[in-house]
Amino acid sequence: MAHNVTAERRESFALLEDVIVLADIAMASSRPERIVPMLVEGLSGAIANVGPLPAWLLATDSRGYVRRELYRSPEHDYQVLAITWAPGQGSAVHDHADTWGVEAVLQGELEVVDYRIAGRRGALTALRPTDHRPLPAGSLIGLLPPHDLHACRNASARVTAVSLHVYGRELKEVRRYTQVEDGLYRSERTRLSTV
């Protein structure tokens, strides 16, 4: 995929320019433990006035949530994505491939459950939920590995949710966890698709 979205998409989603400027500034600190809080702070002001989202960003797919790459920095290699969640859609428990990230809800509300690894039993991983939080529009979270294991879902039965994600590098694959017994999960590397 190209480093930039088409000019038409970029013009119809003005927030993207603000995200790029804020991310470029934050990247100057070069340490994830500084980048993430800077981006959370900067984006919280930017998304407060996001306004109506363009129709192409609201398009859903009945097979699952839709990941759209909006930008990839040619200089810093960070990636900006939008994820569109139809009512009821969610992700499996997953990590973020050892990269930092910032996730912001632009429309709707997501439910996020954070997990921690509690141990291993053979090939299975014991996971324990550590936090459950609703993220309404305007909410942001920062992710710093190894504390980045979570599942997200749009709990609404009627409203499409859209979230904005900035990752330290292109997120091509993650480790997904599938529950096989109570508290025990099988993990596998999963390649991510992007439109």
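Residues numbered from 1 in each chain as written. Predicted model: local features only at pLDDT ≥ 70, side-chain atom pairs only at ≥ 80, totals over all residues. Heavy atoms only, no water.

Enquirer: Quick one: what's the story with the pattern of salt bridges, residue by residue and with numbers?
Expert: Summed over the entire model, instances satisfying the criterion amount to 9 salt bridges. Of the charged contacts in the structure, one is a salt bridge between Asp61 and Arg63, with a shortest N-O distance of 2.6 Å. A residue is classified by how much of its surface remains accessible, and Arg63, at 75% relative accessible area, is exposed. A salt bridge links Glu170 to Arg72, with the shortest nitrogen-to-oxygen separation between them at 3.5 Å. Taken together, the residues span a long stretch of sequence, with Glu170 in the loop between strand S9 (161–167) and strand S10 (173–181) and Arg72 in strand S1 (residues 66–72) at a distance of 98 residues. Since its relative accessible area comes to 22%, Glu170 is described here as partly exposed. (Salt bridge = Lys/Arg side-chain N within 4 Å of Asp/Glu carboxyl O. Buried < 20%, exposed > 50% of the residue type's maximum accessible area, 1.4 Å probe, protein only. Helix = DSSP H or I, 4+ residues; strand = E, 2+ residues; numbered from the N terminus.)

Enquirer: Lay out the environment of Glu111 in plain terms, naming residues and giving numbers.
Expert: Mapped onto the elements, Glu111 comes out in strand S5 (residues 109–121). Assessed through its relative accessible area of 22%, Glu111 is described here as partly exposed. Counting along the chain gives 21 residues from Glu111 to Gly90, while the straight-line C-alpha distance between them is 9.0 Å. Ignoring any residue separated from it by four or fewer positions in sequence, one finds Glu111 in contact with His132, Arg133, Pro134, Ala151, Cys152, Arg153 and Ala155. (Contact = heavy atoms within 4.5 Å.)

Enquirer: Report on helix H3 (residues 32–47), specifying residues and quantitative values.
Expert: The periodicity of an α-helix, 3.6 residues per turn, causes residues three or four places apart in sequence to face the same way. Between its first and last C-alpha atoms H3 spans 21 Å; for 16 residues at 1.5 Å apiece the expected length is 22 Å, and the two agree. Regarding H3, the residues found buried are Ile35, Val36, Leu39, Leu43, Ala46 and Ile47. Seen from one end, H3 has its buried residues packed into an arc of 95°, which puts them on one side. Buried residues along H3 sit against helix H2 (15–27), strand S4 (101–107), strand S7 (140–143) and S9. (Expected span 1.5 Å × (residues − 1). Arc of directions from axis to C-beta.)

Enquirer: Lay out the sheet that holds S1 with the relevant residues and their values.
Expert: Reading across from one edge, S1-S2-S9-S4-S7 is the order of the 5 strands in this open sheet, with antiparallel pairing throughout. At either margin of the open sheet sits one strand with a lone partner, and together these are S1 and S7. If you compare each strand with its neighbour and ignore which way they point, the axes differ by 20° on average. Pairing geometry for S4 and S9, over 6 bridges, is antiparallel. Bridging across to S9, Glu103 finds its partner in His165. (Pairing = 2+ DSSP bridges. Axes fitted to C-alpha atoms, helices over the stretch in contact; angles between N-to-C directions.)

Enquirer: Give me the lowdown on the side chain of His150, citing residues and values where you can.
Expert: Inspection of the secondary structure assignment puts His150 in strand S8 (residues 150–154). A distance of 3.5 Å separates the side chain of His150 from the side chain of His96, its partner in a polar contact. Not counting residues up to four positions away in its chain, the partners in contact with His150 are Ala92, Val93, His94, His96, Glu103, Val112, Val113, Asp114, Tyr115, Ile141 and Leu143. (Polar contact = N/O pair within 3.5 Å; in protein donor to acceptor, adjacent residues only side chain to side chain.)

Enquirer: Outline the nonpolar core, supporting the account with residue identities and numerical values.
Expert: With 30 residues, the main nonpolar core has Phe13, Leu39, Val80 and Leu164 as its most contacted residues. Contributions of two or more residues to this core are made by H2, H3, helix H4 (55–58), S1, strand S2 (79–85), S4 and S9. For this core, the leading source of residues is H2, giving 7 residues. Among residues more than four places away in sequence, those in contact with Val80 are Leu16, Val19, Arg68, Glu69, Leu70, Tyr71, Leu164, His165 and Val166. Counting residues in each nonpolar core, the second largest holds 10 residues, with Ile83, Trp85, Leu143 and Ala161 among its members. (Core = buried A, V, L, I, M, F, W, Y, C linked by side-chain atoms within 4.5 Å.)

Enquirer: Talk me through the side chain of His94; I want residue IDs and the actual numbers.
Expert: In this structure, His94 sits in strand S3 (residues 93–94). Since its relative accessible area comes to 12%, His94 is described here as buried. Among the polar contacts listed, one links the side chain of His94 to the backbone oxygen of Ala92, at a separation of 2.8 Å. Dropping the residues within four chain positions of it, His94 is found in contact with Asp148, Leu149, His150, Val174, Arg175, Arg176 and Tyr177.

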